[in-house]
Amino acid sequence: MNAFLLASLLAMTSSLFWPSLLSLPLLYVSFVALLALLWKRKLWAAGFIFGVCWMTSHALYYQSWLVTIQQKTANFSIIGEVLAVDNNQYWQKVTVELHHLDAQTSIALWQPKLTLYHSRSGKDFVELNAGQTIVAEVKLKPAFASINPAGFNYARWLVAKSVIGRGKLISYRLLEERPSFRELGLKKIVNSLQHYSYAGEMLALMSGDKRLLSLQHKQLYQQTGLGHLFVLSGLHLGIVAFWSWLLAKLLSAILRIHHQAVPIIFSLLCCLAFCWLANWQLSMMRALLMYSCSMLFIVLGNRRKVVSGLILSAFLILLIWPFSVYNNGFWLSYLAVAIVLLCLWLGPKNKLAMLVLIQLAIGLLMMPLQVLLFGLVPSSSLMLNLVAVPLFSLVLVPALLLLMLLIGINSILAKPLTPFIDGIFSYLYHSLEWLDANLSVSLSSSSIVIGLLLILPLCALLMLFYRQRLYWVLLLLLLLPSSSRLSLVNGHWQVYVLDVGQGLAVVVSHQGEALIYDTGPRFRSGFSYAESVVLPLIAELRTRRVDSIVISHGDIDHAGGREVLEQTYPQAKRYYGRDKRLPETYCQGSRKWGKLQLDFYLADLGDGNNGSCVLKISDSKTSLLLTGDIEQLAEQQLVKAGLNKINIMLSPHHGSNSSSSAGFIDSLSPEVVIHSSGAFNRFNFPHNAVLNRYGQSTQYITGRDGAIKLEIDDRSYQVYPYRYLKLSPWYQQIISW
């Protein structure tokens, strides 16, 4: 049976890299082949085909929901349960588990989700709470992700969370007016804690509800590498399992009950109650299933086959929640469990030494995966977790569980314990503030760092057995990054037109330096494409320094991240268009940048769009024009100023019909035109008339094609749309436009 399970897991995991999905006819043929292989008891082959069929069927079902939303322009009526609510001063961000979308009903084991924004500006605004069931009218777009060469993989996250759409909550009514028993209990806890400074931390660890946790506190915990401790996961369920098992063991000894199943069953019941309190969060359910399968083998007397229990639990998780394979938490949980098992098998017998070894092993061996998944690991997180995890495991979480029990019985009983817990959090928070201010160093997710972090732990283990021979191997591995840098031809330069929604951001890389043209938008929520896309790309490119920052004009979709970039690269030269919102360091003249020529153009037509800084970058053969938001009058001036034949250009103003005049296009005669326009944008850019006027050019749209990479050398150039690269996985390609 293990052969079937392992082959299925291998096939399901491989879906992370599938460039496309099986068609329905191929899926049918595969299903017939599966039955034949099961009949012949070819378990490895049958398991692999089962995994392929299972993931393909769910992926096709996911796509069908997206197509349903994409093809309808009118509003939708939905019925769904509110899973989570995120509040700020402008809106509520509501995650809804969908039961009905118009006439379409979701299946029981796989219910898609919507992300809805509920404006606070309306007079009739009423806050929604988790656990409520609503009937609503919503305006939806299909769930789509910006595709960029660096930064957070949002496309995979959408699939992992089964999010099929996002949009605006227009109106709603509650299907069940009475709040759930869980919500009533949470309100009682909130009322007891809300006067304490660290009520948010306490409530988050009790129930996973972050309504009281401030943004400032969240950011500090993330920066110091302790954010995972405030997200309920397998770690917290493990703490509950351990303490409930210990309590049951103690009671069994007092009552002289010697059956080993009793503490395990009691522990499982406590874990089940904790999952209910956490509103059945998927991470908790996965951990509960892992724990249950492992304990099943222990109860059956097969202690040495706990690994078989983990394999079975992984199979069951992907059978029930197949998209867990795209979830970072799934991989982190299983790697952590594997490390613990390895330490228990090979580690010392002394329990204190074993605890230290487990903490160090988890910190060291999980760092490569954390860098690979998240792109940033604070250097101090290893030592902090070595202290914080035992603190949470042995003191804070048990104390909070006791506090929750006391609040449930009578709030007065909890009063002596609450200030003690609040004081511990106060000491922890102020210590983290000091550490963040004085010892903050981090590792970026460049290819060198990722490579070394993945290679060195393996090499360290191999050196235990082949010490002398491995020194030469290590030396060669360490020299690979530097040799790859030496192999670059100095005449090469790369241009990245980034997918930043309805905005513009361009990064040009040349001879180890970078030029940034515009920053992409910043939103009221605090999200900035400069921080989430531009900075990770600069790190990924191994850039020695940023030579120049060019801001075309002051609109927030072009200059939203200006302050972030200027603070990050204070030595960079700065060029601005004519705009009252920008410093008066206007772009003008020409200069050399390595082997490239930079020519700046600025129309004399006042501020704003027509005051955009236009930049022409060229080598001996290829020229690129970055146009900002200039409109037709500015276009005419620039042509009169001598701007002519161009190989590659960005369409002005995202493809607006107020720009890209016929005379301008005829003068430039571009071979390639890139429209920086967001998918499904409300302006319908690029305009159809503009697309027709550029009919003689090869055209790309960032919202449709993802970030566009240009590889340019002295002889030619190549264009690579990131959404449709040969190795792009299927979930990055599912949005057609």
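None of these values were measured; they are calculated from a predicted model.

Draft legend 1. Quick peek at the overall build of the chain. Across its full length, the chain carries 26 helices and 22 strands. Split into buried and exposed, the 737 residues of the chain put 50% on the buried side. Sequence separation of at least 24 residues holds for 67% of the intrachain contacts in the chain that already meet a minimum separation of 6. As displayed, the chain has an accessible area near 35900 Å², and 62% of this comes from carbon and sulfur atoms.

Draft legend 2. Representation of the sheet that holds strand 16 (residues 614-618). Judged by pairing direction, the sheet is mixed, and its seven strands sit side by side in the order 14-15-16-17-18-19-20 without closing on themselves. The sheet is open, and its two borders are formed by strand 14 (590-593) and strand 20 (698-701), each paired with just one other strand. Going across the sheet, the axis of each strand differs from the next one's by a mean of 15°, ignoring polarity. Direction of pairing for strand 18 (residues 648-650) relative to strand 19 (residues 672-675): parallel, over a ladder of three bridges. Looking across to strand 19, one finds that Met649 is bridged to Val673.

Draft legend 3. Spotlight on the side chain of Ser324. By the secondary structure assignment, Ser324 is in the loop between helix 11 (306-320) and helix 12 (328-346). Of the polar contacts made by the side chain of Ser324, one reaches the side chain of Arg286; its length is 3.4 Å.

Draft legend 4. Spotlight on the environment of Ala199. Within the secondary structure layout, Ala199 lies in helix 6 (residues 199-207). Once you skip the residues sitting within four places of it in the chain, Ala199 turns out to touch Leu193, Gln194, Leu212 and Asp422.

Draft legend 5. Region of interest: a positive patch on the surface. There is a patch of like positive charges on the surface, built from Lys139, Lys141, Lys168 and Arg682. Within the secondary structure, Lys141 sits in strand 5 (residues 133-142).

Draft legend 6. Broad picture of the state of the cysteines. Overall, the coordinates contain one disulfide when judged by the stated rule. Here Cys587 pairs with Cys613 through a disulfide, and the sulfurs are 2.3 Å apart. The chirality of the disulfide connecting Cys587 with Cys613 is right-handed, given an S-S dihedral of about 130°. Residue Cys587 is located in the loop between strand 13 (573-576) and strand 14, and its partner Cys613 is located in the loop between strand 15 (596-601) and strand 16; the two are separated by 26 residues in the primary sequence. Looking at Cys613, the relative accessible area reads 0%, which means it is buried. In this structure Cys270 is not part of a disulfide, and its nearest cysteine sulfur, from Cys271, lies 7.0 Å away.

Draft legend 7. Looking closely at the side chain of Ser612. With respect to the element layout, Ser612 can be found in the loop between strand 15 and strand 16. For Ser612, the side chain forms a polar contact with the main-chain nitrogen of Asp629, separated by 3.2 Å. Apart from the residues within four sequence positions on either side, Ser612 is in contact with Ser552, His553, Gly577, Tyr601, Leu602, Thr627, Gly628, Asp629 and Ile630.

Draft legend 8. Representation of the packing of helix 5 (residues 181-193) against helix 6 within the structure. The N-to-C vectors of helix 5 and helix 6 enclose an angle of 155°; their axes lie 10 Å apart at closest approach. Between helix 5 and helix 6, the interaxial angle falls into the category roughly antiparallel. Judged by the sense of rotation from one axis to the other, the crossing of helix 5 with helix 6 is right-handed. On helix 6, the residues that touch Arg182, Leu186, Ile189, Val190 and Leu193 of helix 5 are Ala199, Met202, Leu203, Met206 and Ser207.

Draft legend 9. Fine view of the packing of helix 9 (residues 261-277) against helix 10 (residues 282-299). Between helix 9 and helix 10, whose axes approach to 11 Å, the crossing angle comes to 170°. Here helix 9 lies roughly antiparallel to helix 10, going by the angle between them. Mapping the contact onto sequence places Ala261, Ile264, Ser267, Leu268, Cys271, Leu272, Phe274 and Cys275 in helix 9 and Met284, Met285, Leu288, Tyr291, Ser292, Met295, Ile298 and Val299 in helix 10. When its residues are assigned to classes, the contact of helix 9 with helix 10 shows 14 nonpolar, two polar and no charged.

Calculation criteria
All chains use their own residue numbering, which begins from 1 and follows the written sequence. At least 70 in pLDDT is required for a residue's local features to be given in this predicted model, at least 80 for side-chain atom pairs to be given and counted, and no such filter applies to totals for whole chains, interfaces and linings, which use all residues. Heavy atoms from the whole structure form the basis of all side-chain values; hydrogens and water molecules are not counted. Helix and strand definitions here come from DSSP, where helices need a minimum of 4 consecutive H or I residues and strands a minimum of 2 consecutive E residues; each element is numbered from the N-terminal end. Burial classes: relative accessible area under 20% of the type maximum marks a residue as buried, over 50% as exposed, and values in between as partly exposed (1.4 Å probe, protein chains only). What makes two residues a contact is simply this: any of their non-hydrogen atoms within 4.5 Å. What sets the accessible areas is the Shrake-Rupley method with a 1.4 Å probe; for residues, cover comes only from the shown protein chains. Two strands form a pair only when DSSP identifies at least two bridges running between them. Geometry is summarised by axes, namely lines fitted to C-alpha atoms with helices restricted to the contacting stretch, and by angles between N-to-C directions that run from 0 to 180 degrees. Pairs of N or O atoms within 3.5 Å make up the polar contacts considered here, provided that, within protein, one atom can donate a hydrogen while the other can accept it, and that residues adjacent in sequence are counted only when both atoms are side-chain atoms. Patch definition: residues with relative accessible area over 30% and no salt bridge; like charges joined within 9 Å; nonpolar side chains (Val, Leu, Ile, Met, Phe, Trp, Tyr) joined within 5 Å. Salt bridges are defined by distance alone: a side-chain nitrogen of Lys or Arg within 4 Å of a carboxyl oxygen of Asp or Glu. The convention is simple: Lys and Arg are positive, Asp and Glu are negative, and His and the chain ends are not counted. For the purpose of locating charges, the reference atoms are NZ of Lys, CZ of Arg, CG of Asp and CD of Glu. Counting rule for disulfides: a pair of cysteine sulfur atoms within 2.5 Å. Any angle from 65 to 115 degrees is called roughly perpendicular, while one under 35 is roughly parallel, one over 145 is roughly antiparallel, and all others are oblique. Should the near helix be turned counterclockwise from the far one by less than a right angle, the crossing is left-handed, whereas a clockwise turn marks it as right-handed. For this scheme, ten residues count as nonpolar: Ala, Val, Leu, Ile, Met, Phe, Trp, Tyr, Cys and Pro. Four count as charged, namely Asp, Glu, Lys and Arg, and the remainder, Gly too, count as polar.

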